[in-house]
Amino acid sequence: MISFQTPANKQLKYFITMYEKKTEPLAPRTVFYKRIAGNMIRTSGILGIMLLIGTVGYHCSTRPFTEWLDSFHNASMILSGMGPIVTSGFTSAGKIFSSLYALFSGIIFVGAMGYIFAPGLHRIFHRLHLENDTSKNN
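The rules behind the values
Residues numbered from 1 in each chain as written. Predicted model: local features only at pLDDT ≥ 70, side-chain atom pairs only at ≥ 80, totals over all residues. Heavy atoms only, no water. Helix = DSSP H or I, 4+ residues; strand = E, 2+ residues; numbered from the N terminus. Buried < 20%, exposed > 50% of the residue type's maximum accessible area, 1.4 Å probe, protein only. Contact = heavy atoms within 4.5 Å. Areas by Shrake-Rupley, 256 points an atom, 1.4 Å probe, with all protein chains shown as cover. Core = buried A, V, L, I, M, F, W, Y, C linked by side-chain atoms within 4.5 Å.

A. Seen up close, the overall build of the protein. In terms of helices and strands, the protein carries four helices and zero strands. Each helix and strand of the protein, placed in order from N terminus to C terminus, yields the pattern α-α-α-α. Among the 138 residues that make up the protein, the fraction classed as buried is 28%. Nonlocal contacts in the protein, meaning residues at least 24 apart in sequence, comprise 58% of its contacts between residues at least 6 apart. Here the protein displays about 9400 Å² of accessible surface, and carbon together with sulfur accounts for 71% of that area.

B. View of the environment of A93. Along the polypeptide, A93 turns up in helix 4 (residues 92-137). Sequence spacing of A93 and S61 is 32 residues, and the spatial spacing of their C-alpha atoms is 6.7 Å.

C. Region of the structure containing the nonpolar core. By size, the foremost hydrophobic cluster in this structure holds 11 residues: L47, M50, L51, Y58, A75, I78, L79, F90, Y101, I108 and A112. Where this core is concerned, the elements lending two or more residues are helix 2 (29-60), helix 3 (68-80) and helix 4. Looking at this core element by element, the count peaks at four residues for helix 2. The contact partners of L51, leaving out residues within four places of it in the chain, are F72, A75, S76, L79 and Y101.

D. Examining unusual backbone geometry more closely. Residue P64 follows R63 across a cis peptide bond; omega there is -10 degrees. Mapped onto the secondary structure, P64 falls in the loop between helix 2 and helix 3.

What follows is the structure, given as structure tokens:
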């Protein structure tokens, strides 16, 4: 069977598949940058949803309700791993929400950073593997 690999098809293949295999050449820089940008966009969406959940949760978990800006600030600080700011006035359900949100946010934040850095790490390891293969062939 004849393969019609044009440069455009090859770039599309690199963009659709998450990463190239170790037997394939290193992806072009444009594909690498698109991977990083795509990962950052997807991660930003997930972190935005998490921030929205935290803001609404912190607003509704205190009596009287925490102001929206303070709720946003609290959710941002928890999501980034810095810790809560407003701790007075929490109901029992609010304390449970705050605890679970802090645990979940820590996992999401670490996972998100790993997802953003994954294309760069893959590129480094792929390049090392290619250099290792060329030194064995010589």
